[in-house]
Amino acid sequence: TDAIHGEWVLHYKNRASQTHVYPEGFVVRMFRSKFPEPFLDNVPETGAKILDLSSGYGRNLPFLLAEGFDVYASEIAPEIVERLRTEFDGSGIQFDVGLAHDLPYETDFFDGVLACNSCYYIEAGLSFSDNLNEIALVVKPGGFFGGTALCSYQYIFDEAEKIKGNCATIVADQQGIRKNSLMEYFDNE
């Protein structure tokens with residue numbers, strides 16, 4: 001796990017500053033889509049607490065701020081969190097170190113949690129359910145969770161070593177940062 005986290009730290013540390021970050025399309029649709037019907041039954045009000053779980057480059061953060069939310073962002077290592085703090089200095093975003101299965105927040109703390117390309121990473125000895133249970137713990141009753149999932153036929157699983165359930169160890173990765181990571185995948189809705 002430390003080696004895998006270290007690869008992510010190097011990935012973010014060695015990349016140039018992301019001066020132009022754009023939100024994930026599904027995040028914009030979650031909050032703005034009205035056609036053919038709203039994506040969320042109850043779009044959170046201005047000031048709602050939103051967590052961008054494993055926010056990476058912070059691509060969703062400017063959009064969430066512009067929507068008027070009280071924004072929190074987590075990442076897996078202190079070095080990545082510090083890079084985000086520097087990138088978004090003065091924004092009012094609260095940055096914290098946290099993993100999907102171990103978040104540093106109180107029960108019922110957030111009005112919503114976003115997990116773009118992140119909640120399907122599994123730590124050794126844990127399961128996807130452990131991640132979802134932790135996320136559910138920090139979301140208020142009536143709050144929302146928006147996340148992405150991977151299908152078993154996506155390229156990252158082509159050479160992966162399938163292990164119990166719908167989990168696989170990544171063997172080959174174009175980016176070179178996910179090797180030996182455990183990921184959950186899905187075969188149906």
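Our subject is the structure listed above.
Residues numbered from 1 in each chain as written. Predicted model: local features only at pLDDT ≥ 70, side-chain atom pairs only at ≥ 80, totals over all residues. Heavy atoms only, no water.

### Some remarks on the overall build of the protein
What the protein contains, in helices and strands, is five helices and nine strands. Reading the protein from its N terminus to its C terminus gives the helix and strand order α-α-β-α-β-α-β-β-β-α-β-β-β-β. When its C-alpha atoms are laid out on the principal axes, the protein stretches across 45 × 35 × 30 Å. Across the 189 residues that make up the protein, the buried fraction comes to 46%. For the protein, contacts bridging at least 24 residues in sequence account for 59% of all contacts bridging at least 6. Accessible surface for the protein amounts to roughly 10,300 Å². Of this, 48% is attributable to carbon and sulfur atoms. Taking the average location of the 14 positive side-chain charges in the protein and that of its 29 negative ones, the two points are 5 Å from each other. (Helix = DSSP H or I, 4+ residues; strand = E, 2+ residues; numbered from the N terminus. Buried < 20%, exposed > 50% of the residue type's maximum accessible area, 1.4 Å probe, protein only. Contact = heavy atoms within 4.5 Å. Areas by Shrake-Rupley, 256 points an atom, 1.4 Å probe, with all protein chains shown as cover. Lys, Arg positive; Asp, Glu negative; His and termini not counted. Charge placed at Lys NZ, Arg CZ, Asp CG, Glu CD.)

### Re the sheet that holds strand 5 (residues 121–122)
Within the open sheet, the four strands sit side by side as 5-9-8-7. Their pairing is antiparallel. Of all strands in the sheet, those with a lone pairing partner are strand 5 and strand 7 (161–163), marking the two edges. The pairing of strand 8 (residues 167–169) with strand 9 (residues 182–184) spans three bridges and is antiparallel. Paired with C167 across the bridge in strand 9 is E184. (Pairing = 2+ DSSP bridges.)

### Side note on the pattern of salt bridges
Applying the stated criterion across every chain, the model contains five salt bridges. Across the pair K140 and D111 runs a salt bridge whose closest N-O atoms are separated by 3.4 Å. Note that K140 is positioned in strand 6 (residues 139–147) and D111 in strand 4 (residues 110–115), a separation of 29 residues in sequence. Judged by relative accessible area, K140 falls into the partly exposed class, the value being 31%. For D111, a relative accessible area of 21% corresponds to the partly exposed category. (Salt bridge = Lys/Arg side-chain N within 4 Å of Asp/Glu carboxyl O.)

### Notes on unusual backbone geometry
Its identity as a non-glycine residue notwithstanding, D108 has a phi of 60°, on the positive side. Mapped onto the elements of the fold, D108 is located in the loop between strand 3 (94–97) and strand 4. You will see that N180, though not glycine, has its phi angle at about 75°, which is positive. Tracing the backbone through its elements, the reader meets N180 in the loop between strand 8 and strand 9. Judged by its relative accessible area of 48%, N180 is partly exposed.

### A few points about the state of the cysteines
If you walk through the whole model with that rule in mind, you get zero disulfides. Left without a disulfide partner, C119 is nearest to the cysteine sulfur of C116, which lies 9.2 Å away. For C119, a relative accessible area of 1% gives the class buried. (Disulfide = S-S within 2.5 Å.)

### Digging into the packing of aromatic side chains
Summed over all chains, the structure comprises 13 aromatic pairs. Note on Y72 and F109: the rings are 5.4 Å apart at their centroids and 90° apart in plane angle, and the pair reads as edge-to-face. One end of the pair, Y72, is in strand 2 (residues 70–75); the other, F109, is in the loop between strand 3 and strand 4, and 37 residues separate them in sequence. Owing to a relative accessible area of 12%, Y72 belongs among the buried residues under this scheme. The class of F109 is buried, set by a relative accessible area of 18%. Seen in terms of ring centroids, Y72 and F110 are 5.2 Å apart; in terms of plane orientation they differ by 80°. Their pairing is edge-to-face. Linking Y72 in strand 2 with F110 in strand 4, this pair joins segments that are 38 residues apart in sequence. F110 carries the same exposure label as Y72, and that label is buried. Taken together, F31, F63, F69 and F144 form an aromatic cluster joined through their ring pairs. Residue placement shows K49 over the ring face of F109; its charged tip is 3.8 Å from the ring centre. Over the ring of Y185 we find K162, and its NZ or CZ is 4.8 Å from the ring centre. (Phe/Tyr/Trp six-rings, centres within 6.5 Å; stacked < 30°, edge-to-face > 60°. Lys NZ or Arg CZ within 6 Å of the ring centre and 35° of its normal.)

Geometric values such as these leave the question of function open.
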